[in-house]
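Examining the three-dimensional arrangement
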Amino acid sequence: MTGDSARRDLDARLLALLREDSRTPVSELATHLGVSRALVYAGIARMEQDGTIAGYTVRLGEAHDGRMVRAHVMMTSRPKLLGATQEALAAMPALTALYAIAGEYDLIAMVEAPGLEQLNDVIDAIGMIEGIERTTSAVVLATRLRR
């Protein structure tokens, strides 16, 4: 394995561990990866510098997940209003992710609320945003895998 491919492999394994728990101590990461702490520190610093790691965040647990109802909301939008539409969507606390997609729809949002009535209100609010022409929603029944 060349130096670059070995580094890429180590970075990929390090990222997988950090995705599981970004608070894992460097010494534990090094032990699990079979490398020195200095190499782990250097890898993290390099990936932060090159933008691979943009930050660290909280991953919500099952207790929170169990209290929330989620839906994917696909939207068609008017191209001339796309910027304002995205700003309005981004301002909604119930929206957890927004993606531009190819195909019949232009955008897909992941939304969550503590109950079906509140989820319905969120979906209605999305449909009322100027620039949104049509929505189709799919309520998430169960999460089978999340990374």
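Relevant structure appears above.
Residues numbered from 1 in each chain as written. Predicted model: local features only at pLDDT ≥ 70, side-chain atom pairs only at ≥ 80, totals over all residues. Heavy atoms only, no water.

**Description of the packing of helix α2 (residues 26–33) against helix α3 (residues 37–49)**
One can describe the packing of α2 onto α3 by two numbers: an axis separation of 8 Å at closest approach and a directional angle of 105°. By the angle between their axes, α2 is roughly perpendicular relative to α3. Of the residues in α3, those touching α2 at Val26, Ser27, Leu29, Ala30 and Leu33 are Arg37, Val40, Tyr41 and Ile44. Looking at the contact of α2 with α3, its residues break down into 7 nonpolar, 1 polar and 1 charged. (Axes fitted to C-alpha atoms, helices over the stretch in contact; angles between N-to-C directions. Helix = DSSP H or I, 4+ residues; strand = E, 2+ residues; numbered from the N terminus. Parallel < 35°, antiparallel > 145°, perpendicular 65-115°, else oblique. Contact = heavy atoms within 4.5 Å. Nonpolar A, V, L, I, M, F, W, Y, C, P; charged D, E, K, R; others polar.)

**Things to note about the environment of Ile44**
As for its placement among the helices and strands, Ile44 is situated in helix α3. Taking the C-alpha atoms as reference points, Ile44 and Glu20, 24 residues apart in sequence, are found 15 Å from one another. With sequence-adjacent residues up to four places away left out, Ile44 is seen in contact with Leu14, Leu18, Leu29, Ile53 and Tyr56.

**As for the side chain of Ser77**
Along the chain, Ser77 turns up in strand β1 (residues 69–77). Beyond its immediate chain neighbours, meaning those up to four positions away, Ser77 contacts Leu82, Asp106, Gly131, Ile132 and Glu133.

**Here's the deal with the pattern of salt bridges**
A full pass over the atoms with the stated rule returns 5 salt bridges. Of the charged contacts in the structure, one is a salt bridge between Arg70 and Glu112, with a shortest N-O distance of 3.0 Å. Within this pair, whereas Arg70 is found in strand β1, its partner Glu112 is found in strand β3 (residues 107–113), the two being separated by 42 residues in sequence. For the pair Arg70 and Glu112, one class covers both residues: buried. Between Arg134 and Glu104 there is a salt bridge, and its shortest N-O distance comes to 3.1 Å. Of this pair, Arg134 sits in strand β4 (residues 132–140) while Glu104 sits in the loop between β2 (95–100) and β3, and the two are 30 residues apart along the sequence. Exposure remark for Glu104: the relative accessible area of 56% places this residue in the exposed category. In this structure, a network of salt bridges that share partners links the residues Arg7, Asp11 and Arg46. (Salt bridge = Lys/Arg side-chain N within 4 Å of Asp/Glu carboxyl O. Buried < 20%, exposed > 50% of the residue type's maximum accessible area, 1.4 Å probe, protein only.)

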